[in-house]
Amino acid sequence: MKSAKSKQRLNEIRTPARSKQNLCQGERDPVQVYCRLRPMQRETDVSCIKILSPTTVLMTPPSTAISYRNEGAKTMTYTFKEVFPPEATQQDVFDKLAFPLVEGLIKGKNGLLFTYGVTGSGKTFTMTGEPNNCGILPRCLNIIFKTINDLQAHKYIFKPDKMNMFDIQSEAEAMLERQQELHKFKSNRKNNSNPDLAMSDSDVTKISGVNEDNQYAVFVTYVEIYNNSVFDLLEDSPTINKNLPVKIIREDAAHNMYVHGVTEIEIKSAEDAFDAFYLGLKRKRMAHTTLKIRLVQAPVDEMGEAVIQNKKFLSISQLSLVDLAGSERTNRTKNTGQRLREAGNINKSLMTLRTCLEALRENQISNANNMVPYRESKITHLFKNFFEGEGQVRMVVCANPRAEDYDETLQVMRFAEVAAEVEVAKPQVTDVGAAIGLMSGRRKANKLFNAARDNILRPEAKDLELDLGLVYSLGPDFPSLELTSSQANHIIKELMAHLEMRISRRETLKRSKAIKDEKLRSAMLDLEKESLEVRSENSSLKGQLAAAERRIRALEERLTATENASLSHQRKLNEITEYTSSLKRELQEKELLLNQNKLDKEKQKKNLERKYHHKIAAEHEKAKEIHSEKERLRNVIEEKENRLRIIAHALNGERGDNADTKNTGEAAAQTSVRDFTPGSTPRALPAHLLTPFSSVPHTRETRDTPASSRRGVAIANPRHKRSLSADGKGWVEHAPNQIVPMGTVLKPNITNSKFVNKLTNVKDIANSKKSKYCLISQEQDTDGELETKLYKGNIVPTCGGGAQVIFNDVEMLKQFSPTRDRESSRRTSGNTCARHSGKRRDTGCSPPQTPSNTSKKQRVDDD
């Protein structure tokens, strides 16, 4: 049993690699940046990078580069921890770059190694290698297992607790899980390894200085960060190409970041590690990949056999090997679709990594505490442990010296220059066994003891004499005395004294034995009481532990359900966001189309207005010309008529009063007709214009007779139809009081109508018996002729109790003077004067437009 002081010391010990109290704030190491140049692929390629020294390179921009056009032929010099030339071997790179990280992993230190560069610069070759020429990752696995091969704990002694920590199980529990695994994977086990990645034992160097009083176990995880989402490449699935679920990054109790629910495989040999690694390579896409190796070690007990069953003594160290995806411009790669999205997410995550490093550098230089945006990218979120915790960070810049890759390589060099200025705290390691008072070399001593015991149990070792000594003794043996005579009384006395001494010693031993028995009995009673107390306490603790485990399981189930719901909500949110973005894009496209259509319509409208204005102006000009021509012709005709009248007076001077009266009447009629000016309304017409006239044909005899003798009953022209106003419906006839009678059969006759000269009451229109409306107007046209217009429409009642009129027809009646001689006017003016024609249809006057004006009628009355 251990003492209370030893227990107190055990409780005060924490894992050195996970304790932040062990950090020395003053001791920091910068991020070590290495550079490796790839050999030229073709002999015609031109190099833009020159090695000046083992730590310095010179970059010269070619004439085709963007930097050459912007900055000119400006050379740049970059310094690294070490520069590996193109002829450097994989072993050289591993010895100088990764071997110290593996050595620190064995001693309990954390390490991070990541490659950075454009696509095709040799990152994957440096990290993985090729058949028969392994890279950093296979060499790390080989050297780890060669170093701890004899010091590994049995499988399932250390078991992950899904919270980024480990539980320690007993040998019986571990054996039970091993049997279950053996029964489960006895059949249907496929070999996923690549035998070309394995190395021979002669090529592997063993690390010295390993603590032999610890037992070790190696666990590996292999994750991929694709489109800023974390995927587990080792998750058990029936098919390789199955869609893997997205994992979440969390923070454990020691403020370390880890991937929750990731598959963590315990491996016992380099072959098992290659199996897991090769399985992940089959599922890998164009993204960042991280292989994390976690080494768990715990001290053995005082006997040097079993691991101490206490989680506080565990020491967990990890080595992360990260292969970052290539960083290059999309206009160079010409990616589209899914590849374009992948490249965009890769460049975004690399830009976030550079932003985090710049923020860290500024905080360390200015001793500030500004926030570093680790959470903006998954890869930087996982790197947070190394940059803000403890360990060693190393970066390998892989560069292709071709002139075509100068612009991308220049950005990589600038990023490496920023990373080299960031510092990381040095880890401090403490021997747990020595801290709790355990002697070193106990495991080796246990091996020697077991070997000696095995030698004793051999058949040839049975004759060995061993003197283990007595616990109790009654004194020396009886003296060898012989009674030869009866006078030897002194001999008898000596024997009696010897026997009395032995009897007294025997009594003393009995009393001592009784005392010791009583002490033993009391001690056993005390132990029994303590055992009962411990048992009762143990049972209560077991109950509490069971309740806590049940509560933990319930919380884990709730947590899992919440995570699933959160993932589903996140997926729905992403879908809704994408759908919203697509709708916004469609809306913008439609708005652009609408704006374009509006612009086109406005242009068309302006063109139509311009054409309309030009046409109206042209028509006005033409009307002015026609009017001026009419005035000129009218003046000519009047002059000719005056001359003819003078000649007629001279020739017919002898005629009687009837002829004078006739001429006087005709002149008056002509004067009255000519007195009509455009735009004026005739107040009255002469009586002979209102009197029906005869339809007798004009002959030579009738032409010489007076006009009064030619008048007779008007004859209807069969070509003309009556007005359509007489349809038997109720009409409202709206006309002025003074209407010139037209004296023709074409005069509109509206039956069943109500005549009004002024609308003063709504009831004149809003009447259920009246459904038609007719507005009559008379005016004088430009030739001085009488023109009557009838505007017809339907009366429609409104919701407010009123009524509205919807015009749908227009009739126009025009009457010419019957006293004019058509033959003389035809002789004088020919076809140039339209008002002397016998019959004309006026098309220059159009009725007012209304919303329902669907038809128009024009009628001309020739009398």
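Since we're looking at a predicted model, the values are computed, not measured.

A. Representation of the overall build of the chain within the structure. Along the chain, the regular secondary structure elements total 19 helices and 26 strands. Residue burial in the chain is summarised as follows: out of 863 residues, 37% are buried. Summarising the internal contacts of the chain: among those between residues at least 6 apart in sequence, 71% fall at separations of at least 24. Summing over all exposed atoms, the chain offers an accessible surface of approximately 52800 Å²; the carbon and sulfur share of this is 53%.

B. Representation of a nonpolar patch on the surface in the model. A grouping of Leu644, Ile647 and Leu651 is seen on the molecular surface, where their side chains present a nonpolar patch of about 300 Å² in accessible area. Here leucine 644 shows up in helix α14 (residues 489-651).

C. Representation of the packing of aromatic side chains within the structure. Per the stated rule, a full pass over the model turns up nine aromatic pairs. For the pair tyrosine 34 and phenylalanine 84, a centre-to-centre distance of 6.0 Å together with 20° between the ring planes defines the contact as stacked. Of the two residues, tyrosine 34 sits in strand β2 (residues 32-37) while phenylalanine 84 sits in strand β6 (residues 82-84), which places them 50 residues apart along the sequence. Each of the two residues, tyrosine 34 as well as phenylalanine 84, counts as buried. Relative to phenylalanine 219, the ring of phenylalanine 166 has its centre 4.7 Å away and its plane inclined at 45°; by these criteria the two rings are tilted. One end of the pair, phenylalanine 166, is in strand β11 (residues 166-168); the other, phenylalanine 219, is in strand β12 (residues 214-226), with 53 residues separating them in the sequence. For the pair phenylalanine 166 and phenylalanine 219, one class covers both residues: buried. By way of ring pairs, the aromatic residues Phe114, Phe383 and Phe387 are connected into one cluster.

D. Local environment of the pairing of strand β24 (residues 786-797). By the criterion of burial, β24 is predominantly enclosed, with nine of the twelve residues buried. Bridge count between strand β23 (residues 772-780) and β24: nine bridges; the pairing is antiparallel. When the sheet's bridge partners are listed, serine 777 is paired in β24 with lysine 789. Taking the residues between adjacent antiparallel strands as the criterion, β23 and β24 are bridged by five residues, where glycine 784 takes a positive phi near 85°. Counting the residues in the hairpin turn of β24 and strand β25 (residues 803-815) gives five residues, including glycine 801, whose phi is positive at 95°.

E. Local environment of helix α13 (residues 442-456). Here α13 contains 15 residues, and its C-alpha end-to-end distance of 21 Å stays within 8% of the 21 Å for a straight helix at 1.5 Å per residue. What α13 keeps buried is the set Arg442, Arg443 and Asn446. Looking straight down α13, one finds its buried side chains confined to an arc of 100°; they lie on one side. Along α13, exposed side chains directed more than 90 degrees from the buried face belong to Lys444 and Leu448. The inward-facing, buried residues of α13 abut β12, β17 (288-299) and α12 (432-435).

F. A look at the UniProt feature "coiled-coil region" (unreviewed entry) in the chain. Within this structure's numbering, the places UniProt gives as "coiled-coil region" (unreviewed entry) are residues 538-572 and 623-650. Annotated as residues 538-572, this span is 100% helix and 0% strand, and its ends, taken at the C-alpha atoms, are 49 Å apart. Helix makes up 100% of residues 623-650 and strand 0%, whereas the separation of the span's terminal C-alpha atoms amounts to 40 Å.

G. Broad picture of the pairing of β12. With 13 of its 13 residues buried, β12 lies for the most part within the structure. Neither face of β12 is left uncovered, since the one carrying Asn214, Tyr216, Val218, Val220, Tyr222, Glu224 and Tyr226 and the one carrying Gln215, Ala217, Phe219, Thr221, Val223 and Ile225 both have all their residues buried. Alignment of β12 against β17, held across twelve bridges, turns out to be antiparallel. In the sheet register, alanine 217 faces β17, and the bridge partner there is valine 296. Taken together, the three bridges between β12 and strand β16 (residues 265-267) define a ladder with antiparallel strand orientation.

H. Focus on the side chain of glutamine 169. Along the chain, glutamine 169 turns up in the loop between β11 and α6 (171-184). In terms of polar contacts, glutamine 169 uses its side chain to reach the backbone carbonyl oxygen of tyrosine 156, at 2.7 Å. With residues near it in sequence (within four places) discarded, glutamine 169 still touches Tyr156, Ile157, Lys159, Ala174, Glu177 and Gln309.

I. Expanded view of the nonpolar core. Residues Phe80, Phe387, Met395 and Met413 are the most contacted members of the largest nonpolar core, which totals 53 residues. The dominant element in this core, judged by the number of residues it contributes, is helix α11 (residues 406-419), at eight residues. In this structure methionine 413 touches Cys35, Ile49, Met59, Tyr78, Phe80, Val397 and Ala399, once residues within four positions along its chain are discounted. The next biggest cluster of nonpolar side chains, apart from the first, holds 47 residues, and it includes Leu105, Val220, Leu234 and Ile267.

J. Looking closely at the sheet that holds strand β5 (residues 76-79). Spatial ordering of the open sheet is given by β3-β4-β5, a layout of three strands whose pairing is antiparallel. Looking at which strands have only one partner, the edges of the open sheet turn out to be β3 (49-53) and β5. The sheet shows a mean angle of 25° between the axes of neighbouring strands, taken without regard to direction. Against the sheet, α11 makes contact with β3, β4 (56-59) and β5, and its axis sits at roughly 45° relative to β5, the strand it touches most.

K. Fine view of the packing of helix α3 (residues 90-106) against helix α5 (residues 136-147). In contact at an axis separation of 10 Å, α3 and α5 are set at 50° when each is read in the N-to-C sense. One element, α3, and the other, α5, form an angle in the oblique class. Seen along the crossing, α3 lies across α5 with a hand that is right-handed. Taking contact as the criterion, the partners of Gln90, Gln91, Val93, Phe94, Leu97, Ala98, Phe99, Val102 and Leu105 in α3 are, on α5, Ile136, Arg139, Cys140, Ile143 and Ile144.

L. Spotlight on the UniProt feature "binding site: ATP" (unreviewed entry) in the chain. UniProt tags Gly117, Val118, Thr119, Gly120, Ser121, Gly122, Lys123 and Thr124 as "binding site: ATP" (unreviewed entry). Mapped onto the fold, glycine 120 is located in the loop between β7 (111-116) and α4 (123-127). Looking at glycine 120, the relative accessible area reads 33%, which means it is partly exposed. Leaving out residues up to four positions away in the same chain, glycine 120 has contacts with Arg38, Gln41 and Asn400. Inspection of the secondary structure assignment puts glycine 122 in the loop between β7 and α4. Sequence-distant contacts of glycine 122, that is, excluding residues within four places in its chain, are made with Arg38 and Cys398.

M. Inspection of the pattern of salt bridges at higher detail. Counted by the stated rule, this structure contains 25 salt bridges. One salt bridge connects arginine 250 with glutamate 563, and the closest N-O pair in it is separated by 1.8 Å. Residue arginine 250 is found in strand β14 (residues 246-251), and its partner glutamate 563 is found in helix α14; the two are separated by 313 residues along the sequence. Glutamate 563 matches arginine 250 in its accessibility class, with the two residues each being buried. One connected set of salt bridges, linked through shared partners, spans Glu779, Glu787, Lys789 and Lys814.

What counts, and at which threshold
- Sequence order as written defines residue numbering, which begins from 1 separately in each chain.
- Residues qualify for local features only when their pLDDT is at least 70, as the model is predicted, and side-chain atom pairs are given and counted only at 80 or more; totals for whole chains, interfaces and linings, by contrast, use all residues.
- Excluding hydrogens and water, the side-chain figures rest on all heavy atoms present in the structure.
- Put simply, DSSP H or I for four residues or longer makes a helix, DSSP E for two residues or longer makes a strand, and each gets a number counted from the N terminus.
- Working definition: with a 1.4 Å probe on protein chains only, accessible area under 20% of the residue-type maximum means buried, over 50% means exposed, and in between means partly exposed.
- Between two residues, a contact is recorded if the distance between any of their heavy atoms is within 4.5 Å.
- Method for areas: the Shrake-Rupley scheme with a 1.4 Å probe, in which residue coverage is limited to the protein chains shown.
- Surface patches are defined over residues having more than 30% relative accessible area and no salt bridge, joining like charges when they lie within 9 Å and nonpolar side chains (Val, Leu, Ile, Met, Phe, Trp, Tyr) when within 5 Å.
- Only one rule defines a salt bridge in this text: a Lys or Arg side-chain nitrogen within 4 Å of an Asp or Glu carboxyl oxygen.
- Note on aromatic pairs: the rings of Phe, Tyr and Trp (six-membered ring only in Trp) are paired at centre separations within 6.5 Å, and the planes decide the class, stacked below 30 degrees, edge-to-face beyond 60, tilted for the rest.
- Any two strands with at least two DSSP-identified bridges between them are counted as paired.
- By this rule, a helix spans an expected 1.5 Å times one less than how many residues it contains.
- Think of it as the arc spanned by the lines of direction from the helix axis to the C-beta atoms.
- UniProt positions are given in the numbering used here, feature names are shortened, and annotations may be inferred rather than shown by experiment.
- For the purposes of these results, a polar contact is taken to be a pair of N or O atoms within 3.5 Å, where, inside protein, one atom must be able to donate a hydrogen and its partner to accept one; residues adjacent in sequence count only when each atom of the pair is a side-chain atom.
- Nine residue types can take part in a nonpolar core, namely buried Ala, Val, Leu, Ile, Met, Phe, Trp, Tyr and Cys, and a core is a set of them joined through side-chain atoms within 4.5 Å.
- The axes used here are C-alpha line fits, helices contributing only the stretch in contact, and every angle between their N-to-C directions lies in the interval 0 to 180 degrees.
- The labels follow the angle: roughly parallel below 35 degrees, roughly antiparallel above 145, roughly perpendicular from 65 to 115, and oblique for the rest.
- Note on convention: near helix rotated counterclockwise from far helix by under a right angle means a left-handed crossing. Clockwise means right-handed.

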